[in-house]
Amino acid sequence: MTTSAQTGSAETTAKTVVLTDVAAVKVKALIEQEGRDDLRLRVAVQPGGCSGLRYQLFFDERSLDGDIVNDFGGVEVVVDRMSAPYLTGATIDFADRIDAQGFTIDNPNAQNSCACGDSFH
C-alpha cells in the first residue's frame, strides 16, 4: 500500500470519498448544533448487515494512525486506513425528499447490497 502520510497526500486522498455540497451543508449544520469545532465526519466500514459489510457515519474528534482526511467546504471527512479500500470512489449525499431523508452512500465498490441500503458486499 502507499503511505498516505507523505506530502501531497491530499491529492491522492481526494479520491477516497466525495461529500456532495448538499451533504456538506447538512454535516456542517449538525456539527454547529453540537456546539463543537473539533468534530469531523468519520466514515467507516464494519462487518455486519445482511450483505456482509455495513457503513458507519458518525462524528468523531479522534485522529487514528493512518486516517485519510478530506476537506469539503470546511467539513473534514475522515476514513480509517482499513475502510479506505472499500470506500474509494464512494459519494456521500443527503436526501431531503418526501420519500427519503438522510445520508446516502453511492459506492461503486459494492458488488451486492441489501434492500435497506445500509449493507453491502
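Parameters at a glance
Residues numbered from 1 in each chain as written. Predicted model: local features only at pLDDT ≥ 70, side-chain atom pairs only at ≥ 80, totals over all residues. Heavy atoms only, no water. Helix = DSSP H or I, 4+ residues; strand = E, 2+ residues; numbered from the N terminus. Buried < 20%, exposed > 50% of the residue type's maximum accessible area, 1.4 Å probe, protein only. Polar contact = N/O pair within 3.5 Å; in protein donor to acceptor, adjacent residues only side chain to side chain. Contact = heavy atoms within 4.5 Å. Core = buried A, V, L, I, M, F, W, Y, C linked by side-chain atoms within 4.5 Å. Salt bridge = Lys/Arg side-chain N within 4 Å of Asp/Glu carboxyl O.

J.: Give a description of the side chain of Ser83 that names residues and reports values.
T.: One can find Ser83 in the loop between β5 (75–79) and α3 (84–87). For Ser83, a relative accessible area of 2% translates into the label buried. At a separation of 2.9 Å, a polar atom in the side chain of Ser83 contacts the main-chain amide nitrogen of Val45. Not counting residues up to four positions away in its chain, the partners in contact with Ser83 are Val43, Ala44 and Val45.

J.: Describe in detail the nonpolar core, supporting the description with residues and values.
T.: In terms of nonpolar packing, the biggest core is built from 23 residues, with Val17, Leu19, Leu41, Val43, Val77, Val79 and Leu87 touching the most fellow members. Counting residues per element, this core draws most heavily on helix α2 (residues 21–34), at 4 residues. If near-sequence neighbours (up to four positions away) are discounted, Val77 is found in contact with Val17, Leu19, Leu41, Val43, Ile68, Val69, Asn70 and Phe72.

J.: Report on the pattern of salt bridges, specifying residues and quantitative values.
T.: Taken as a whole and judged by the stated rule, the model has 8 salt bridges. Here Asp67 makes a salt bridge to Arg42, at a shortest N to O gap of 2.8 Å. Residue Asp67 is found in the loop between β3 (53–60) and β4 (68–72), and its partner Arg42 is found in strand β2 (residues 40–47); the two are separated by 25 residues along the sequence. What makes Asp67 buried here is its relative accessible area of 14%. What you see here is one network of salt bridges that share partners, running through Arg42, Asp60, Arg62 and Asp67.

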